[in-house]
Structures are given as structure tokens and as C-alpha cells.
2 protein chains.
Amino acid sequence: MEDAKQDRLERAGWRVGDAGDFLELTPEEAAFVELKLALAFYLRELRAAQGWTQTQTARRLRSSQSRVAKMEAADPSVSLDLLVRSLLALGASRADVGRVIARAA
Amino acid sequence: MEDAKQDRLERAGWRVGDAGDFLELTPEEAAFVELKLALAFYLRELRAAQGWTQTQTARRLRSSQSRVAKMEAADPSVSLDLLVRSLLALGASRADVGRVIARAA
DNA sequence: CGAGTATATGTCACAACTGACATACGCCGC
DNA sequence: GCGGCGTATGTCAGTTGTGACATATACTCG
């Protein structure tokens, strides 16, 4: 990982490092990251199921292609708010979101 | 509702008004608000089940009493991130959070 | 009635997120 | 190889969220 990215991530509040360092995450932090990852993958699934490009999806969400890419990557600069609101806007139901979150990692 | 509060809410991005105006929310916006409300009530349940005060809870979350109050009220100034991270920190599991979100309004 | 405790609301300086833009990477058909 | 397309990454100005503090309301116990 380049230093620039690490700086950005750390400013954004994540502990950053190689795989071994993940053990330093508290259980809550780990659960939160996994939860975000699950929603991120679901967003990609939803988009793929419709056959849309990130650019088309971005237009639909009134956002930008880069933000959609970051959402799907569960980038630390993406909030849960944005992820969930995007999923709902793309047609997921509240129950769908709940199911994805509850599903084991 | 006092004007001051209405101003604050509108600055925070909500459409504000009496009950009838809620019809102006898009379905996604409504679902998002309900989802937040469900988590907010769950936070209060969790706290009450432990017999903690908001102040004690705030210390545990490294936040302030006022923010806990706002979380439980699903105040627009509270993000989903904060709500979910708080629930996890208070002992809720990822599955618990998912279940609360999925549950019908 | 106070004093004490729990919760709610208003405000602000500072930190984090967002959309947009630029640019880079990877893949495919020509 | 090159151009086009889809996706990924870096950056930044403007907006929004956060913790803390002050203050307000509400309830209980002497």
C-alpha cells in the first residue's frame, strides 16, 4: 500500500496495515467493517443484476462513477448512510438490507 | 414545532412540516427514516435492558450524553454509521442489527 | 419549594463525508 | 499498437456529522 493511501485511510479513522494488523481491530470495529463489506458486495450484485455500468448507476443516484466504485469497494470514505440510501434507491427493500446485514460473514 | 428547530432540521437536509407533509418523502427517504428510527429505538431498549443512564452509556461510547439522546431520538444530525457502531459497541451482534432493520415498520 | 438526577435541545469548532474531476488501469475488438 | 469502454484511485472544495458544552425540561425525594 502506498503511503499516500495509508495517510488518507488513517485520516479517515481506520487502522491500516498488512493482514496481520487486522488482529488489532476490536470486535466491534471488525464487525462494522464486515457489515459494510457485505452491503458493498450487495450493491455490486444489485447493479450487475440490472446490467448497469457504474456510470449509469451514478447518474441514477445523482452521484459520480468514482463514488459508486468506492461504495462497491467499501472504501472508508463511504459512509453507511450513503451505502444504505443507495441500496434503497436502487430498489432494495428495508428487509433486503436487513437480511444482507444479518447474514454471517 | 418551533421555527428554530425547523430551521435546524432543514439545514440538516430533512423536509420538515406537519404530518401531511410526510407524503412528500420519496419511498426511499421514508424507508431510510424508518430504518433509522428502528435502530434508535433498539438502542434505547439495549440501554434500558442494562439499566444504564445516557451519561453512563455516553462514557462507554466515548461520546456525550447529548449525542446519546439524539441517537435515541433518531435526530437527523445522527448518522447511520454512528448508530450502528454504537449498537455494536453496546453488545449487539451484526445479526441483531440486521434483524432490527429487516423487521417491518 | 429546592436539590438532585435523567433526559432533551441548541450551538459551535473541528473532523469526516460527498460529488466532481482528473487520471490510471485492464480488457477487448480492430 | 491504438481507441474505446468500464472500473479504480487520488484529490479537493463545499457540505454534513461529531463531541462537547450550556441550558432546559421533567421527575423524585426530602
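Preceding block: the structure.
Here goes a summary of the coordinates provided. (Residues numbered from 1 in each chain as written. Chains lettered and ligands numbered in written order. Predicted model: local features only at pLDDT ≥ 70, side-chain atom pairs only at ≥ 80, totals over all residues. Heavy atoms only, no water.)

### Thoughts on the interface of chain A and chain B
Inference 1: In this complex, chain A contributes 24 residues to the contact, which on the side of chain B involves 24 residues.
Inference 2: In total, chain A and chain B occlude about 1900 Å² of area from one another, counting both sides; carbon and sulfur atoms represent 67% of this.
Inference 3: When the area that chain A buries against chain B is broken down by residue, the three leading residues are Phe32(A), Asp81(A) and Arg94(A), summing to 36%.
Inference 4: At the boundary of chain A and chain B, one finds two salt bridges.
Inference 5: Notably, a salt bridge pairs Arg94(B) with Glu34(A), separated by 3.7 Å at the nearest N-O pair.
Inference 6: Linking chain A to chain B there are seven residue pairs in polar contact (both at pLDDT 80 or more).
Inference 7: Elements with a minimum of two residues in the side of chain A that touches chain B: α2 (27-50), α5 (80-89) and α6 (94-102) of chain A.
Inference 8: Per element, the largest residue contribution to the side of chain A that touches chain B is eight residues, and it comes from α6(A).
Inference 9: By residue class, the composition of the side of chain A that touches chain B is 15 nonpolar, two polar and seven charged. (Contact = heavy atoms within 4.5 Å. Buried area = accessible area lost by both parts, 1.4 Å probe. Salt bridge = Lys/Arg side-chain N within 4 Å of Asp/Glu carboxyl O. Polar contact = N/O pair within 3.5 Å; in protein donor to acceptor, adjacent residues only side chain to side chain. Helix = DSSP H or I, 4+ residues; strand = E, 2+ residues; numbered from the N terminus. Nonpolar A, V, L, I, M, F, W, Y, C, P; charged D, E, K, R; others polar.)

### As for the pattern of salt bridges
Residue and element names in this part refer to chain A.
Inference 1: The final tally for this structure, using the stated rule, is eight salt bridges over all chains.
Inference 2: Where Glu72 meets Arg44, a salt bridge forms, and the shortest distance between an N and an O atom there is 2.8 Å. Here the residue Glu72 occupies a position in helix α4 (residues 65-72), and Arg44 occupies one in helix α2, the gap between them amounting to 28 residues.
Inference 3: Shared partners join several salt bridges into a network, and the residues in it are Arg44, Arg47 and Glu72.

### Focus: the packing of helix α2 (residues 27-50) of chain B against helix α6 (residues 94-102) of chain B
Residue and element names in this part refer to chain B.
Inference 1: Contact pair α2 / α6: the axes reach a minimum separation of 8 Å and the direction vectors enclose 130 degrees. Here α2 is positioned oblique relative to α6, judged by the angle of their axes. Remark: the crossing between α2 and α6 carries right-handed chirality. Two secondary-structure elements touch here, α2 through Leu35, Ala38, Leu39 and Tyr42 and α6 through Asp96, Val97, Val100 and Ile101.
Inference 2: Its residues assigned to classes, the contact of α2 with α6 comprises seven nonpolar, no polar and one charged. (Axes fitted to C-alpha atoms, helices over the stretch in contact; angles between N-to-C directions. Parallel < 35°, antiparallel > 145°, perpendicular 65-115°, else oblique. Left-handed = near helix turned anticlockwise from the far one by under 90°.)

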